[in-house]
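This is what each chain is made of:
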Amino acid sequence: MTAVSVPQSWGASGHEEIFIRKGVELRKKGKNAEALAEFEKAFEVAHTPRAAAQLGLCEQALEKWLSAHLHLSVALASESDSWVSQHRETLNKSLADVASHLARVEVKGTPADAMVNVGGDVLGRLGDSPVVQVAPGPTQLTATANGYVPFKETRTFAAGETAVVNIQLAHVAAAPAENAPQPVAATDVS
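The model shown is predicted, which means the values in this text are computed figures rather than measured ones.

Cut-offs applied
Residues numbered from 1 in each chain as written. Predicted model: local features only at pLDDT ≥ 70, side-chain atom pairs only at ≥ 80, totals over all residues. Heavy atoms only, no water. Pairing = 2+ DSSP bridges. Helix = DSSP H or I, 4+ residues; strand = E, 2+ residues; numbered from the N terminus. Axes fitted to C-alpha atoms, helices over the stretch in contact; angles between N-to-C directions. Expected span 1.5 Å × (residues − 1). Contact = heavy atoms within 4.5 Å.

This part is about the sheet that holds strand 4 (residues 131–134). Taken in spatial order, the 3 strands make up an open sheet running 4-1-7, and their pairing is mixed. Edge positions in the sheet fall to strand 4 and strand 7 (162–168), since each of these pairs with one other strand and no more. Looking at each pair of strands side by side, their axes are set apart by 30 degrees on average, direction ignored. One ladder, built from 7 bridges, connects strand 1 (residues 103–110) with strand 7; its direction is parallel. Bridged to Gly109 within strand 7 is Ile167.

Encoded structure:
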């Protein structure tokens, strides 16, 4: 994937512009690892859609699929950025390519307020049916809610797979109260 050059007239902030231009030049020379450092600096100083896009495109070239998916998605969420608008088709194609290297996981279940964690990251509540992209391979899933037995499982997902994980948390068994009558064992009276 080749980097897209950016006309200076688009008015990015000074430091962001310097980092992006340097990153683009490095990408043209096939030095994607060095370019990545420049795009990271650009994104750090100005969280613009254009910086996110350049970062995502470079991560795609380096096969850093999860980061590329995140940054390309951030860029494409912008509806007002002129650079993204001009390059939207290319960015959408790149995002589709990146997604083909990841698994798409949707988590459903009860109780609705249970917090879901996928691969070490908090995803959201079960009732929201959160969806996440994960790297192929084993991924740990957890769900917790007050009054319920925690769920913890490792599942393996394949690139390009779309999976729905249904989690049903079980209520924690109530402990007998201290003053509650205890059952009496039956005795055999002969």
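Now that the structure has been shown, the text picks up again.
Now for the sheet that holds strand 3 (residues 121–125). Spatial strand order, 3-2-5-6: 4 strands in an open sheet with antiparallel pairing. Both edges of this open sheet fall to strand 3 and strand 6 (151–157), since each of them pairs with a single strand only. The mean angle between the axes of side-by-side strands here comes to 25 degrees, regardless of whether they run parallel or antiparallel. With 7 bridges connecting them, strand 5 (residues 137–144) and strand 6 associate as antiparallel partners. Along strand 6, the bridge assignment pairs Gln140 with Thr154.

Let's shift gears to helix 1 (residues 14–28). Here helix 1 contains 15 residues, and its C-alpha end-to-end distance of 21 Å stays within 8% of the 21 Å for a straight helix at 1.5 Å per residue. On the buried face of helix 1, the contacting elements are helix 2 (32–45) and helix 3 (49–61). Trailing helix 1 by a residue or two, Gly30 shows a phi angle of about 80 degrees, which is positive.

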